[in-house]
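# Observations on chain architecture
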Amino acid sequence: MKSVKYNNLGEFIQALKREGELKTISHPVSAVLEISKLTDSESKSPGGGKALFFEKVKDSPFPAATNLFGSSRRICLALGVENLEHLGDRIREIIRMSPPKDLRDMLGMLTTAFSVSRFFPRKSRVKVPSCQQVVIKGDDINLFDLPILHCWPQDAGRFITLPLVITQSLSTGKRNVGMYRMQVFDRKTTGMHWHIHKDGSNYFNEYRKAGKRMPVAVAIGADPATIYAATAPMPRNVDEMILAGFIRNAPVAMTRCLTCDLEVPAEAEFVLEGYVEPDELRREGPFGDHTGYYSLADDYPVFHVTAITHRKSPVYCATLVGRPPMEDCYLAKATERLFLPLLQTVFPEIMDYWLPWEGVFHNIVIVSIKKEYPRHAQKVISGLWGQGQMSFCKAIIVVDETVDPKNPIQVMQRLVDNFDLTTDIVNAQGILDVLDHSSPFANFGNKIGIDLTDRIIGEPLRNPFPPVSMPEKFNEDALLSGIQAACKGVLSLRILRDDTARRNRILVLKVRKAAGLSGSYFAEQLLDADILQPFNLILFYDSNVDILDNSFILWKLFNNVDPGRDVILRQGRSVIDACKKGPEEGHDREWPDELSFDVNPFNARKEGYIR
Ligand SMILES: Cc1cc2nc3c(=O)[nH]c(=O)nc-3n(C[C@H](O)[C@H](O)[C@H](O)COP(=O)(O)O)c2cc1C
């Protein structure tokens with residue numbers, strides 16, 4: 001695969017076609033739940049399936065495309081590399097040429113190293129840029145003309161899911177491009193779902209404090225590097241368009257909007273021009289999110305459209321997010337690989353890292369380090385919790401450099417062999433991703449660090465693990481009956497690890513919570529049960545969870561567990577409550593529903609799915 005520079009989305013779609021990566025659907029489809037259902041099954045097929053091109057969308061004159069980035073091959077095609085590691089290698093080369101002295105310098109280095117070179121966005125020289133071939137203003141503006149998707153049954157409406165939201169800092173004049181979903185409220189207004197910790201929100205706060213209207217422009221559909229760049233966690237005040245230029249190896253051509261004072265990618269498919277009022281908020285959501293759950297409704301700013309401009313024959317592009325693996329996993333993988341060298345400028349001891357998809361990017365990271373001194377792992381854990389969007393991370397596991405953090409078998413081995421529940425846990429509190437639902441508090445909660453590195457001189461040794469007697473082979477029926485006699489509500493079990501030569505023996509249970517059978521009931525009974533003494537790590541799940549599905553139980557574990565509340569430790573043993581939580585567990589916030597197409601949206605309220 002050669003490095004390719006696409007000028008616009010159309011060129012990328014053509015490339016996907018040539019490469020056999022695009023499926024065309026020529027019969028008319030509905031943007032309400034039908035495109036999303038087709039996209040869901042396509043992106044869940046092995047390897048991420050194909051990109052989908054919907055030639056005819058009911059009630060819209062425009063075609064739509066989904067799943068454009070949703071496979072290892074397509075994300076590489078999109079970013080013009082044979083392997084995502086090559087992106088990191090290119091960044092490493094830049095760092096080698098001008099190594100930063102410290103964190104501040106690293107951020108500065110990003111701007112200068114990229115901008116002095118040929119990546120700085122440039123003004124389009126075309127008289128009528130393609131994104132403005134058609135201009136719609138005033139009463140003709142109607143967002144419902146676009147094939148904007150209603151993605152999941154309980155979504156509050158239609159959402160623009162792949163927008164490049166362009167804003168400018170009031171204080172520095174610097175541009176920010178971020179991807180924040182937008183709920184269509186009516187013909188001319190949408191929500192603006194920038195989370196509280198994001199740069200878009202930071203810029204908005206400047207306008208809010210100054211009581212000024214904020215100009216906002218939204219590009220939908222651009223060359224793939226530009227789309228990706230909007231999702232990348234660039235440091236504040238570093239223009240994502242420079243990153244796009246770096247990836248494409250050529251600057252992004254920009255043009256000025258017609259009704260607001262901002263620049264947008266000149267070759268975008270659609271542009272929504274408009275503004276956000278400093279003091280206007282509106283209920284936004286719920287929306288089927290990339291966590292695999294509906295993100296809860298909340299108040300967000302409102303975007304007013306003053307003009308829609310588009311190409312003569314534009315393609316609307318969208319993504320469907322949901323329980324991983326979905327398209328956004330591949331965008332996140334690109335970020336993981338691209339940002340490793342940048343992270344290493346601040347933490348040179350970090351050898352590699354992995355954000356498992358089941359952790360939906362903010363729940364868990366596994367990091368390998370070159371350990372040099374006592375408690376080095378704790379230093380890395382604390383450092384990462386203060387680092388950009390890594391600070392949302394709920395759990396950090398640190399392994400030695402001899403372990404490949406991207407290899408789940410090796411990491412599991414370390415966990416089984418090394419993890420001493422009495423010495424290896426670092427507890428903390430801090431900010432959490434807005435989408436976290438496990439904490440009883442919004443945006444804030446408990447975190448856990450786990451140090452699985454080998455102990456070195458100067459560090460207290462792990463406790464020797466007491467000998468346990470375990471039958472040669474458990475009779476699972478007898479074990480289940482014994483557990484059920486000791487603890488009501490246990491439905492089934494799975495023995496995950498039972499090797500007595502290893503430090504940790506792990507059991508997974510399926511339970512039915514009910515009145516009087518809350519998380520703490522199960523924790524107490526399970527820790528007390530004599531029959532369970534050979535197991536020192538017991539995880540329990542709700543009755544609707546397939547405990548034989550490894551990916552599913554990890555996803556539930558990472559999403560549902562508040563490490564401060566749900567990891568119950570007693571004398572070197574632990575029970576972890578990976579179930580849904582409610583007031584019985586001290587969780588008074590709403591708990592979101594899981595995404596499913598099986599719920600009829602019109603019956604959902606009756607069935608109690610929509611509160
Ligand atoms: C498909 C997709 C949808 C996203 N939706 C949102 C969103 O609604 N709100 C948000 O704050 N971040 C969202 N993100 C993550 C941001 O795009 C990402 O954190 C980005 O770095 C934010 O940029 P900023 O730091 O410049 O604000 C989304 C990412 C993807 C890939």
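Here goes a summary of the coordinates provided. Not measured: the values here are computed from a predicted model.

Taken in spatial order, the 3 strands of this open sheet run S4-S12-S13, and their pairing is mixed. A strand with exactly one partner marks an edge of an open sheet, and here the two such strands are strand S4 (122–123) and strand S13 (263–265). Inspection of the sheet shows S4 paired to strand S12 (residues 253–256) by 2 bridges, in the parallel sense. Pairing of arginine 122 across the sheet is with alanine 253, part of S12.

In this structure, proline 286 follows glycine 285 across a cis peptide bond, with omega equal to 5°. One can find proline 286 in the loop between strand S14 (270–284) and strand S15 (287–288). Of the consecutive residues proline 324 and proline 325, the connecting peptide bond is found in the cis state with omega at 5°. With phi around 70°, leucine 33 is a residue other than glycine that occupies positive phi space. Relative to the helices and strands, leucine 33 is located in the loop between strand S1 (22–25) and helix H2 (34–43).

Turning to the pattern of salt bridges, a few remarks are in order. On inspection of all chains with the given rule, the structure shows 48 salt bridges. For arginine 73, the salt bridge identified is with glutamate 21, shortest N-O distance 3.2 Å. With arginine 73 in helix H3 (residues 72–79) and glutamate 21 in the loop between helix H1 (9–18) and S1, this pair connects stretches of sequence that are 52 residues apart. Given the relative accessible area of 8%, glutamate 21 is considered buried. Among the salt bridges present, the one from aspartate 352 reaches lysine 406, with a minimum N-O distance of 2.5 Å. With aspartate 352 in strand S19 (residues 350–354) and lysine 406 in the loop between strand S21 (395–400) and helix H11 (408–418), this residue pair connects regions lying 54 residues apart in the sequence. One continuous salt-bridge network, built from bridges that share partners, spans Glu85, Lys333, Glu336, Arg337, Asp352, Asp404 and Lys406.

Looking now at the sheet that holds strand S22 (residues 425–431). Taken in spatial order, the 5 strands of this open sheet run S19-S20-S21-S23-S22, and their pairing is mixed. Taken across any chain shown, the strands that pair with only one partner, and hence form the sheet edges, are S19 and S22. On average, adjacent strands in this sheet sit at an angle of 20° to one another, irrespective of strand direction.

A few words on the pairing of S14. Relative to S14, strand S11 (residues 214–220) runs antiparallel, the two being bridged by 7 bridges. Of the residues in S14, the one forming a bridge with valine 218 is leucine 272. In this sheet, strand S17 (residues 298–310) lies alongside S14 in antiparallel orientation, the contact comprising 11 bridges. Each residue of the ladder has a partner; that of leucine 281, found in S17, is proline 301.

Attention now moves to the site of the ligand. In the vicinity of the ligand, 19 residues are found, and the nearest of them are Asn176, Met179, Tyr180, His193 and His195. The backbone of methionine 179 places a nitrogen or oxygen atom 2.8 Å from an oxygen atom of the ligand. Tyrosine 180 is positioned such that a nitrogen or oxygen atom in its side chain is 2.4 Å from an oxygen atom of the ligand. Protein coverage of the free-state accessible area of the ligand, which is 640 Å², stands at 89%. When residues of the shell around the ligand are traced back to their parent elements, those giving at least two are strand S8 (175–178), helix H6 (199–210) and helix H7 (224–231). When grouped by side-chain class, the residues that make up the shell around the ligand number 6 nonpolar, 9 polar and 4 charged.

It is at 8 Å that the axes of H7 and helix H8 (residues 240–248) come closest, and there the two elements cross at 135°. Here H8 runs oblique to H7, going by the angle between their axes. In the packing of H7 onto H8, the handedness of the crossing is right-handed. The residues of H8 that touch H7, namely those facing Ala225, Thr226, Tyr228 and Ala229, are Glu240, Met241, Leu243, Ala244, Ile247 and Arg248. Of the residues that constitute the contact of H7 with H8, the class distribution is 7 nonpolar, 1 polar and 2 charged.

Conventions we followed
- Residues numbered from 1 in each chain as written.
- Predicted model: local features only at pLDDT ≥ 70, side-chain atom pairs only at ≥ 80, totals over all residues.
- Heavy atoms only, no water.
- Pairing = 2+ DSSP bridges.
- Helix = DSSP H or I, 4+ residues; strand = E, 2+ residues; numbered from the N terminus.
- Salt bridge = Lys/Arg side-chain N within 4 Å of Asp/Glu carboxyl O.
- Buried < 20%, exposed > 50% of the residue type's maximum accessible area, 1.4 Å probe, protein only.
- Axes fitted to C-alpha atoms, helices over the stretch in contact; angles between N-to-C directions.
- Near = heavy atom within 4 Å.
- Polar contact = N/O pair within 3.5 Å; in protein donor to acceptor, adjacent residues only side chain to side chain.
- Areas by Shrake-Rupley, 256 points an atom, 1.4 Å probe, with all protein chains shown as cover.
- Nonpolar A, V, L, I, M, F, W, Y, C, P; charged D, E, K, R; others polar.
- Parallel < 35°, antiparallel > 145°, perpendicular 65-115°, else oblique.
- Left-handed = near helix turned anticlockwise from the far one by under 90°.
- Contact = heavy atoms within 4.5 Å.

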